[in-house]
Structure formats: C-alpha cells, structure tokens
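If you want the building blocks of each chain, they are given just below.
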Amino acid sequence: MKTSESFRLSAVLSFSGGLQDAYTYNVRGNVFANAQTGNVVLMSQNFMLGNVAAALSYMVPLLAFAAGILVAERIESHFENRHWRHMILILEILSLLAVGFIGRKFDMIANMIVSFSCAMQVQTFRKVHGYGYASTMCIGNLRSGIESISQYAREKDRQFLRKSLHFFGIIFIFAIGAGVGGILSGVWGIRTIWISVLLLLTVVIIMRE
C-alpha cells in the first residue's frame, strides 16, 4: 500500500480539511473553503435577491476550487514519475502560510487561496487503503460508509465492515478538525490557518518515511 493512501496520512489531511472549512466560515465571512455545494446555494440565492457583492463572495471560492483541481491535475500529468504529491503539498503549505498574513479587508482573496489549496488536496489524495474518499468534505464518505454497512449486513463479509470503518473514521476526524478550528478561530483569528500548515508539514514527513 502506498504511504499516500495510509489511514494515518488521510486522518491528518481530513483533520486539516475540517479545520480549513471552520476557519473560512468563522474568520473569513461565513464562506466555505471545501463545501462548494453550500457556496453554490448561497451564491444563487444572493444573485436572485440582487445581492451581487455577496453572491460574488461565494462565486470566487467556487472558481478558485475549480482552478485548484485543474492545477493539481496538470502537475500530476507532467510529473507523475517524480514526487508530484510533494510538489503540491509544498504549494499548498506556502499558500496557507500566506493566508495567515492577509488582513480581514481581503477576506475574498484569503477564501480564494484556501479553496484553491483545498481543491489541490482533494485532487491529489483520493484513496485511503485503496478506497476512494475525500479528505476535505463528508458527503461522499458518508454515502460510501452507509453503502458498505448495507453490504456487510447483506453479505456478512467483514471486508465491507472494515471499509465502512475507514469512511466513518475519516468523517469523525474531519468533524474533530472542524470543531477545533472553530474554537481556535475565536482565539487566534486569521492565523488559525497556520495549524493546517503544520499538519501538512507532518504529511510531508509521513510521506518520506
């Protein structure tokens, strides 16, 4: 099994993903870094109400997320035989480090960078123990976890039970990261995002083992 697919590494990434969502919501104007479905709903609602400025504040992270997916895919295609995941991690670390220096006047720029970074992460790390998952959101993991529980109940194959535990474990750790991020956002403000920088540095170390 690849180190990049280990549960330990996926847990660190998921904790960081939850923290980033809590950070942008609590510190950067109630915008989600990862939950783009929420951003689409709020963007559409504000456009319909004529609140163009508010709508754009939700559109920008959505577009940045799309750009992050594109950049990560291009890096993978050009450097797939090298340490392309490390390259993306370093880019993500530098991006989030910069966010901690961006003042509240420029929340839109900060949200754009965080969403861009989250997208690169979710595109780069897509499996845990060979199972497809997302480290920065829960809906797909919840679906896969419940599906695996249903398959276990029907076929009594413990492989499905183990699979479901991977997904529920990731969701639980994401939730813990979000909770910690929400609490610390009230204490450290814009610099809370640097916790994710430390977490991603930990991922780099894990991948070098």
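The structure displayed is predicted, hence computed values, not measured ones.

Procedures and definitions
Residues numbered from 1 in each chain as written. Predicted model: local features only at pLDDT ≥ 70, side-chain atom pairs only at ≥ 80, totals over all residues. Heavy atoms only, no water. Helix = DSSP H or I, 4+ residues; strand = E, 2+ residues; numbered from the N terminus. Rg over C-alpha atoms; globule rule 2.2 N^0.38 Å. Contact = heavy atoms within 4.5 Å. Lys, Arg positive; Asp, Glu negative; His and termini not counted. Charge placed at Lys NZ, Arg CZ, Asp CG, Glu CD. Core = buried A, V, L, I, M, F, W, Y, C linked by side-chain atoms within 4.5 Å. Buried < 20%, exposed > 50% of the residue type's maximum accessible area, 1.4 Å probe, protein only. Phe/Tyr/Trp six-rings, centres within 6.5 Å; stacked < 30°, edge-to-face > 60°. Axes fitted to C-alpha atoms, helices over the stretch in contact; angles between N-to-C directions. Parallel < 35°, antiparallel > 145°, perpendicular 65-115°, else oblique. Left-handed = near helix turned anticlockwise from the far one by under 90°. Nonpolar A, V, L, I, M, F, W, Y, C, P; charged D, E, K, R; others polar.

A. Spotlight on the overall build of the protein. Along the backbone of the protein there are 8 helices and 2 strands. Taken from the N to the C terminus, the helices and strands of the protein come in the order α-α-α-α-α-β-β-α-α-α. Expected size for 209 residues packed as a compact globule is a radius of gyration near 17 Å; at 17 Å, the protein falls within 12% of this value. Oriented by its inertia axes, the alpha-carbon framework of the protein measures out at about 55 × 40 × 35 Å. Taking the contacts inside the protein whose residues are at least 6 apart along the sequence as the reference set, 73% of them involve residues at least 24 apart. Looking at the protein, you have 18 positive and 11 negative side-chain charges, and the mean spots of the two groups are 3 Å apart.

B. Expanded view of the nonpolar core. Core analysis: the biggest nonpolar cluster contains 37 residues, and Leu 9, Leu 13, Leu 89, Val 99, Phe 125, Tyr 133 and Val 203 have the highest contact counts within it. Within the residue set of this core, elements represented by two or more residues are helix H1 (7–27), helix H4 (84–99), helix H5 (107–124), helix H7 (158–188) and helix H8 (194–207). Looking at this core element by element, the count peaks at 8 residues for H8. Discounting chain neighbours no more than four positions away, the residues touching Tyr 133 are Ser 10, Leu 13, Ser 14, Phe 125, Arg 126, Lys 127, Val 128, Asn 141, Phe 167 and Ile 170.

C. The packing of aromatic side chains, seen in detail. One pass over the full model with this rule turns up 3 aromatic pairs. Between Tyr 25 and Phe 32, the ring centres sit 5.1 Å apart and the planes meet at 20°, which makes this aromatic pair stacked. Overall, the relative accessible area of 34% leaves Tyr 25 in the partly exposed class. With relative accessibility at 25%, the residue Phe 32 sits in the partly exposed group. Here the aromatic rings of Tyr 131 and Phe 167 are separated by 6.3 Å at their centres, their planes lie at 40°, and the arrangement is tilted. With Tyr 131 in strand E2 (residues 131–132) and Phe 167 in helix H7, the pair connects residues that are 36 residues apart, well separated along the chain. This pair shows no difference in class: Tyr 131 is buried, exactly as Phe 167 is.

D. Spotlight on the packing of H4 against H5. Orientation of H4 relative to H5, taken along the N-to-C sense of each, is 160°, at an axis distance of 9 Å. Here H4 lies roughly antiparallel to H5, going by the angle between them. Our pair here, H4 against H5, has a crossing hand that is left-handed. For the pair H4 and H5, contact is made by Trp 84, Arg 85, Ile 88, Leu 91, Glu 92, Ser 95, Leu 96 and Val 99 and by Ala 110, Ile 113, Val 114, Ser 117, Met 120, Gln 121 and Thr 124, respectively. Among the residues making up the contact of H4 with H5, the classes are represented as 9 nonpolar, 4 polar and 2 charged.

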